[in-house]
Every structure is written in C-alpha cells, then in structure tokens.
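The residues making up each chain are set out below.
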Amino acid sequence: MKVAIIGTGSVGAAVATAIKNTGLVHEIVLFDRDGIRSRAAAMDLGHAAAFSFDVKITAANTYREIRGSEIVVIAAGANQKPGQTRTDLLSANAAVISDIIPRVMANVDPKRVKIIVVTNPLDVMVMLAQKLSKLPVSRVIGTGTMLDSARLRTILARNLDVSPMSINAYVLGEHGDSSVVNWESATVGAIPLNDFCRTMKLPLPATTRKTIEHRVRNAAYEIIQGRGATWDGIGAAVADLLRCIINDEKRILTVSTCAPKTNLSMSLPSIVGSDGVVHVLTPRLSSAEGAALRASARIIRKNYNNI
Ligand code: NAD
C-alpha cells in the first residue's frame, strides 16, 4: 500500500510517523510546496524507519510521484495561531484545497483512491475536496471529530477510572467550536453512562458535564497556546482511520463525510471499511443535543457559502 501525504508541516510529519508505525504501508510519499521541508522530513523519518518497519519514505518534487497511492492525506494549509479559531482559516485554506485537489486527481486512480482531509476548517474543506475531486462521498473522508471524541473518552476515563477503550462516547457535528457532546448515547462497556455512574457511585452532574464539554472544545486552544500547534493526537487519529480502511475493519468512527441528501459534511458515527464510509448512523440524541447539532450544521453551511 502506497500512501501520499500532502503538506508536511507539524501535522503531516506526525501523520507520516504514525502511519509508518502501523506497519501497514510499504511506501509513504511526502509532498509539500516547501520542498526543502518535505525532503528533510523524508530523510528524518526514513532514518527512523531503520529502527522499525522497513517503509520506503520519499519526498516528491512533483505530483507525478504520488502515482499509485491508494490513500492521499491532505494536511496542508494554514494552522491556528494563538487566539485564532478554525473558521479564521477558511479563505486561506479553501485556496490551498483548490490548488491541491485537481493536482492530486490528475495523478491517482479515481476508481480506487480515498482522500483523508485533515486541513481546517475541517468540514468545509471536506465538502470542497469532494466537490472538486468528484469522488463518491464515501471516499472523501474528514478526520472530523475523531480527535474530539478521543479527548472526551480520555477525560471521562479519568473521571470514571476505567479505560478509554471501554468508553463509547461521541462528539458530533462540526470539528470546531459548535461541536456537540452526545451524552444521550454514551455507554461504558454496554452500560448506559448514567446507569454506570449510579452503580459505581461516581456522579456526573450537569456542572461536571459542562466542564468536560468545555475542556474538549478548548483542548486545541490550550495545546496551541503551550506548544504552537497540535500534532500527536491528530497523527494517531489519522493512523487509526487508515488502519480501519486498510484492514476493512468496519469500526464506528466519528468521521466527517458529505451527506448526499443535504450535501453537508459533519461528523456522525459512521461505519468505515475498505470502501471508505459505508454507512452513516443516527445516534440517539436528547432534544437539546438535536437542536445543537442542527445549529452546528447551519454554521458549517454558512461557512461553506462564505468561501
Ligand atoms: P504547518 O504550518 O506546520 O504546515 C502546513 C504545511 O502545508 C506547510 O509545510 C506548508 O508549506 C504546506 N502547504 C501550504 N499550502 C500548500 C499547498 N498549496 N500545497 C502543498 N503544501 C502546502 O501547519 P500544521 O500545524 O501542520 O497544520 C496543518 C493543517 O492541519 C491546518 O489547517 C491545521 O488547522 C490542521 N489541523 C487539523 C486537525 C484536525 O483534527 N482535523 C488537527 C490539527 C491541525
């Protein structure tokens, strides 16, 4: 399996490392408009490969070199500076996606390729990439709220003293400030969250839930404040998504894809396999969560119309 990564800044390099460490790909090709940066990343990562899986890692000078890639990850574009929202990146990154997608499509097999979008504002970039690529919606997949859901599960795990792997809890809607925590369908193992909290005498009152929601939505801002950018979490999320696709695992992930009826991308629990997103599920929502999800969808639509 050959994978191309377009954009090899903080995120693209972390994605490359995480993908290499899955051991599932034999070749990774890195492209960045800053060729010096992608060549340096390919060298550094190529040396790391000598300690683990023997993956061929190259830097491409032209898009021709991504030929044969079955998965293309788009991690190029402006990132948030301290104080900026993801929406602030809209016009700069719409231009980046508009530059990249036609060049990618001229060099991949449209019958097979899957595009994974990481660039923010994520949901709008997925819609734009799908429109420009003309690929089926199932094969243009945004990492969506995979990372937000991971943040939620990790925080809950610490509160409930149970592994994040045993917590099924989703963040839905926009990968952004209007994301929605879906408490209503959260379970620990197969036990509804509320029942688990009652049985274990670990109360999770409304005030604690609000604090958790804030921590989830604010996580990127906090990391950017302290570290300049976020990369490890998203690197792991992309590698997990790639593993799910390559192994045809049919796991449920909160990825962002264009819904054919509404022509809007946002994150919902979706079954992901080798054909990409094979089914989008509708989780149980409280009335407040349903209203928040509709508001989130309106924000994504408005941002898309503003491009
Ligand atoms: P960065 O500035 O470190 O790297 C961006 C890279 O993109 C640079 O190397 C730049 O040269 C390259 N680039 C820009 N325009 C290009 C073009 N037209 N063609 C090829 N390469 C181009 O930024 P970063 O921290 O790596 O972030 C990249 C993107 O990922 C940002 O939009 C950021 O907001 C997003 N991000 C998304 C998530 C998520 O959960 N979806 C998480 C973290 C970051």
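Thresholds applied
Residues numbered from 1 in each chain as written. Predicted model: local features only at pLDDT ≥ 70, side-chain atom pairs only at ≥ 80, totals over all residues. Heavy atoms only, no water. Phe/Tyr/Trp six-rings, centres within 6.5 Å; stacked < 30°, edge-to-face > 60°. Helix = DSSP H or I, 4+ residues; strand = E, 2+ residues; numbered from the N terminus. Buried < 20%, exposed > 50% of the residue type's maximum accessible area, 1.4 Å probe, protein only. Lys NZ or Arg CZ within 6 Å of the ring centre and 35° of its normal. Near = heavy atom within 4 Å. Polar contact = N/O pair within 3.5 Å; in protein donor to acceptor, adjacent residues only side chain to side chain. Areas by Shrake-Rupley, 256 points an atom, 1.4 Å probe, with all protein chains shown as cover. Nonpolar A, V, L, I, M, F, W, Y, C, P; charged D, E, K, R; others polar. Domains from an automatic or database assignment. Contact = heavy atoms within 4.5 Å. Buried area = accessible area lost by both parts, 1.4 Å probe. Salt bridge = Lys/Arg side-chain N within 4 Å of Asp/Glu carboxyl O.

### Let's talk about the packing of aromatic side chains
And then number 1: Per the counting criterion, the structure on display carries 1 aromatic pair.
And then number 2: An angle of 40° between the planes, with centres 4.3 Å apart, marks the rings of Phe31 and Tyr63 as tilted. A residue pair is termed long-range when its members are at least 10 positions apart, and Phe31 in strand E2 (residues 27–31) and Tyr63 in the loop between strand E3 (56–59) and strand E4 (71–74) qualify at 32 residues. Across the pair, exposure class does not vary: Phe31 and Tyr63 are buried alike.
And then number 3: Its end group placed over the ring of Trp183, Arg209 keeps NZ or CZ at 5.0 Å from the ring centre.

### Topic: the site of the ligand
And then number 1: Around the ligand sit 26 residues, and of these Val11, Asp32, Ala78, Asn79 and Asp99 come closest.
And then number 2: Between Arg33 and the ligand, the recorded distance is 3.2 Å, taken from a backbone N or O atom to a nitrogen atom.
And then number 3: The contact in question runs from an oxygen atom of the ligand to an N or O atom on the side chain of Asn120, over 3.0 Å.
And then number 4: The fraction of the free accessible surface of the ligand (870 Å²) that becomes covered by protein chains is 91%.
And then number 5: Of all the secondary structure elements, the ones that give two or more residues to the shell around the ligand are helix H1 (10–20) and helix H3 (90–105).
And then number 6: When residues in the shell around the ligand are grouped by element, the largest group, 4 residues, is from H3.
And then number 7: Grouping the amino acids of the shell around the ligand by side-chain chemistry returns 11 nonpolar, 10 polar and 5 charged.
And then number 8: Both domain 1 (2–142) and domain 2 (146–305) contribute no fewer than three residues apiece to the shell around the ligand.

### Examining the domain arrangement of the protein
And then number 1: Splitting the protein by domain gives domain 1 (2–142) and domain 2 (146–305).
And then number 2: Put simply, the middle of domain 1 and the middle of domain 2, counted by C-alpha atoms, are 23 Å apart.
And then number 3: Of the residues lining the interface, 39 residues belong to domain 1; the matching set on domain 2 comes to 43 residues.
And then number 4: For the pair domain 1 and domain 2, the summed buried surface comes to about 3200 Å²; carbon and sulfur atoms form 70% of the total.
And then number 5: For domain 1, the biggest contributors to the area lost against domain 2 are Arg86, Asp123 and Met127; these three give 21% of the whole.
And then number 6: Remark: the boundary between domain 1 and domain 2 carries 0 salt bridges.
And then number 7: Between domain 1 and domain 2 we count 6 residue pairs in polar contact (both at pLDDT 80 or more) in total.
And then number 8: Where the side of domain 1 that touches domain 2 is concerned, the elements lending two or more residues are H1, E4, strand E5 (114–117), helix H4 (122–133) and strand E6 (140–142).
And then number 9: In terms of residues, the side of domain 1 that touches domain 2 owes the most to one element, H4, which gives 8 residues.
And then number 10: Class assignment of the residues belonging to the side of domain 1 that touches domain 2 gives a composition of 22 nonpolar, 11 polar and 6 charged.

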